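Residue-level structural notes
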Amino acid sequence: MLLPLLVLLTSPPPAPIFTDRAADWGLNFTYSTGQTGELYFPEIMGGGVALLDYDNDGDLDVFVVQGHPLKPGSPDPGPAGWGRLFRNDLITPQGKNPVPRFVDVTAQSGIRATGYGMAVATGDFDNDGRVDLYISNFGSNQLWHNNGDGTFTDVTARAGVDDPRWSSGAAFVDLDRDGWLDLYVLNYVDYSIANSIASSIANNVRCYAPSSRRDYCGPSTFAPVPDRLFRNRGNGTFEDVSLPSGIGRKAGPGLGVVADDLDGDGWPDLFVANDGAASFLWINQKNFTFREEGLLAGVALNAAGKPEAGMGIAVGDADGDGRDDLLITHLTAETNTFYLNLGGGLFEDATARSGLGAPSLPFTGFGTGWLDVDNDGKLDLAVFNGAVNLSGAMGSGPGIAPYAQPHQLYRNLGGGRFAVAPEAGPDFQKLAVSRGAAFGDIDNDGDTDILVVDADGPLRLLVNEGGNRNPWLGLRLVGKPPGAKAERDMIGARVEVRRKGAPSLWRRVATDGSYASASDPRVLVGLGDASEVTGVRVLWPDGLAELFPPPPLRTYTTLVRGRGKAEGPK
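This is a predicted model, so every value here is computed, not measured.

About the thresholds
- Residues numbered from 1 in each chain as written.
- Predicted model: local features only at pLDDT ≥ 70, side-chain atom pairs only at ≥ 80, totals over all residues.
- Heavy atoms only, no water.
- Helix = DSSP H or I, 4+ residues; strand = E, 2+ residues; numbered from the N terminus.
- Rg over C-alpha atoms; globule rule 2.2 N^0.38 Å.
- Buried < 20%, exposed > 50% of the residue type's maximum accessible area, 1.4 Å probe, protein only.
- Areas by Shrake-Rupley, 256 points an atom, 1.4 Å probe, with all protein chains shown as cover.
- Lys, Arg positive; Asp, Glu negative; His and termini not counted.
- Charge placed at Lys NZ, Arg CZ, Asp CG, Glu CD.
- pLDDT = per-residue confidence, 0-100.
- Contact = heavy atoms within 4.5 Å.
- Pairing = 2+ DSSP bridges.
- Axes fitted to C-alpha atoms, helices over the stretch in contact; angles between N-to-C directions.
- Domains from an automatic or database assignment.
- Buried area = accessible area lost by both parts, 1.4 Å probe.
- Salt bridge = Lys/Arg side-chain N within 4 Å of Asp/Glu carboxyl O.
- Polar contact = N/O pair within 3.5 Å; in protein donor to acceptor, adjacent residues only side chain to side chain.
- Phe/Tyr/Trp six-rings, centres within 6.5 Å; stacked < 30°, edge-to-face > 60°.
- Lys NZ or Arg CZ within 6 Å of the ring centre and 35° of its normal.

The next subject is the overall build of the protein chain. Helix and strand counts for the protein chain stand at 7 helices and 42 strands. Taken against the 2.2 N^0.38 rule, which gives 25 Å for 570 residues, the C-alpha radius of gyration of the protein chain at 22 Å falls within 12% of a compact globule. Projecting the C-alpha coordinates of the protein chain onto the three principal axes gives extents of approximately 75 × 65 × 55 Å. Taking all 570 residues of the protein chain together, 61% fall into the buried category. When the accessible surface of the protein chain is summed, it comes to about 20,400 Å², and 54% of that surface belongs to carbon and sulfur atoms. One way to put it: in the protein chain the 48 positive side-chain charges average out to a point 1 Å from where the 70 negative ones average out.

This is the structure:
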């Protein structure tokens, strides 16, 4: 009896799943809250990051927003207060390098992201085959058009997509299935600082913790603001359809937004996570109007009938039934909430039995996403935390530091059950005030890496060190809509990977979700033990369904709309 016990006690701990390679690979950046002791509300809420292939060379580049001091009279920080663009030189004209190497190309790109940065969204809004950037700010937003030569042009005014309020996120999505990406802009609350970029009238009230110590305010202190919806005209400009669409008729303190076909009718709907108020589920009526059905669908409130502090959103088929489920991150003393998709636009709060509830109670979640950490075919969950008030604070030190919290990786055990994975590693779990998180295969090795923004801390690039041991399939789905100049990523497409002797795996083409961030549009499918793929079925955003032959494994393959075997419209 002693020998097995001795072996158990002397066994080495499992190797960490993730290692922070940001500094090693040249991603030297710190997101500055600009905090000066005044406890301005935006300081505790930003910021986000995007993974995008802006130069179309086959690897993921990085754009990250930036904050700066909000106190009136503060000196202009200059370029240090701008968002930054980093080019990934993993793939060069001379070939592929062993590891990524990031180069700060902000100056030559022409991007002058001078606002107080909150979030970033990516999408090719003019169908020229080059991904563009929309930056959400505390104050006026910016749309940056990709010129295709390494430079960008600010086309916000020309396109008609500014919003001078506090925007907390955005999403590009083809809501009317006409082939042109529309734009949803998420707004938070009516907050301003005297003489600030947002308003000349201040409402920066003082708030206090139960201990009577000065603390950051919460959203209930301020009036919520309606979101804005822009319809793409197909000529480089947008029409503001917020009111006629119905979107602008309900106000909510929105912090998260995803576009997905959540009722299974083939048209993209919109889910909005509101902070401390009922969430919205905008069901697409197929005529560019939307009906809010969050309460009827079971996603507005938790199982106890209470609204929660919605921040980040993870959307994906977590239980393998072919329908996308929702995970919403929440405040300390609430749980993160797992809504299981029952089909037909109905959801069930399955948090308690999933194992995702109790472990999340001490934490305030922001960036989050489903990812198959070990490519076993089951989606795991990452959640990055950081308090917004002293009640959840676990750190120490000056400024923002006391609001730090550790982070969580949950393994998918199958059957809708999850368990915390301590083997995520110290770089993953380190105390930080984390906000945005973007997910993608940054080194093109066939497993999912994570880029995390920590408030007043260095950017973390969490590289997956071994998830590609199991077989995997990488897909990029592109198409050339009518009137387009070039092929682009078909945001909103759904993929069914058919396997011999095993259930199909469903994934979606998307960049939205998480918190304030934009992720890799490519689809990475872990195959586990059932690695024989018999075919790939794609449901394109316009309703066309096509079947493609099995692509090669352990590499990325581009599937083009119109080149598969058509199975008819949906």
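After presenting the structure, the write-up continues.
A separate point is the confidence of the model for the protein chain. A low pLDDT means the predicted coordinates there should not be read in detail. In this model, the protein chain carries an average pLDDT of 95, and 96% of its residues clear a pLDDT of 70 or more. For residues 195-200, every residue scores under 50 in pLDDT, and the model assigns this stretch 12 contacts once sequence neighbours within four places are set aside.

This part is about the sheet that holds strand β27 (residues 365-371). If you walk across this open sheet you meet the 4 strands as β27-β28-β29-β30, and the pairing is antiparallel. Of all strands in the sheet, those bounded by a partner on one side alone are β27 and β30 (417-420). Taken over all neighbouring pairs, the strand axes of this sheet differ in orientation by 25° on average, direction set aside. Sheet topology places strand β28 (residues 380-385) next to strand β29 (residues 408-414); 3 bridges connect them, and they run antiparallel. Along β29, the bridge assignment pairs Val383 with Gln408.

Let us now look at the sheet that holds strand β10 (residues 152-154). An order of β8-β9-β10 is seen for the 3 strands of this open sheet, with the pairing classed as antiparallel. The outermost strands of the open sheet, each flanked by one partner alone, are β8 (116-123) and β10. Within the sheet, the average angular offset between the axes of one strand and its neighbour, ignoring direction, is 35°. Of the strand pairs in this sheet, strand β9 (residues 132-146) and β10 are connected by 3 bridges, and their pairing is antiparallel. Looking across to β10, one finds that Asn146 is bridged to Phe152.

Another aspect to go through is unusual backbone geometry. Gly46 connects to Gly47 through a cis peptide bond whose omega is 5°. Relative to the assigned elements, Gly47 resides in the loop between β1 (18-20) and β2 (49-52). Notably, Asn56 is not glycine yet its phi reads approximately 55°, a positive angle. Mapped onto the secondary structure, Asn56 falls in the loop between β2 and β3 (61-64). Of note, the phi angle at Ala333 is positive, near 85°, even though the residue is not glycine. On the secondary structure map, Ala333 appears in the loop between β24 (325-328) and β25 (337-343). The exposure class of Ala333 is exposed, given its relative accessible area of 63%.

So, on to the domain arrangement of the protein chain. Frequently, the measure chosen for interface size is the accessible area that the parts lose on association. Domain annotation for the protein chain reports domain 1 (32-464) and domain 2 (472-567). Once you take the C-alpha centre of each, domain 1 and domain 2 turn out to be 23 Å apart. Taken together, the contact pairs 57 residues of domain 1 with 34 residues of domain 2. Between domain 1 and domain 2 lies a buried interface of about 3,500 Å² when both sides are counted; carbon and sulfur atoms form 48% of it. It is Asn127, Arg177 and Asn375 in domain 1 that bury the most area against domain 2; as a group they hold 13% of the surface buried on that side. Inspection of the domain 1/domain 2 interface yields 2 salt bridges. Between Asp260 and Arg508 there is a salt bridge, with the nearest N and O atoms lying 3.7 Å from each other. At the junction of domain 1 and domain 2, the tally comes to 25 residue pairs in polar contact (both at pLDDT 80 or more).

What follows covers the side chain of Asn444. By the secondary structure assignment, Asn444 is in the loop between β31 (434-440) and β32 (449-454). At 3.0 Å, the side chain of Asn444 forms a polar contact with the side chain of Arg522. Discounting chain neighbours no more than four positions away, the residues touching Asn444 are Gly58, Asp59, Leu90, Ile91, Lys96, Arg522 and Tyr556.

Counting across every chain of the model gives 22 aromatic pairs. With a centroid separation of 5.7 Å and an interplanar angle of 65°, the aromatic rings of Phe280 and Trp282 are classed as edge-to-face. Between the aromatic rings of Trp370 and Phe418, the centroid separation amounts to 5.6 Å while the plane-to-plane angle is 40°, which identifies the pairing as tilted. Taken as a pair, Trp370 in strand β27 and Phe418 in strand β30 lie far apart in primary sequence, 48 residues in all. For Trp370, a relative accessible area of 11% gives the class buried. On the accessibility criterion, Phe418 (3% relative accessible area) is buried. Through successive ring pairs, a cluster of aromatic residues spans Phe41, Phe138, Trp166, Tyr188, Tyr191 and Phe222. Sitting over the face of the ring of Tyr556, Arg522 holds its NZ or CZ atom 4.3 Å from the ring centroid.

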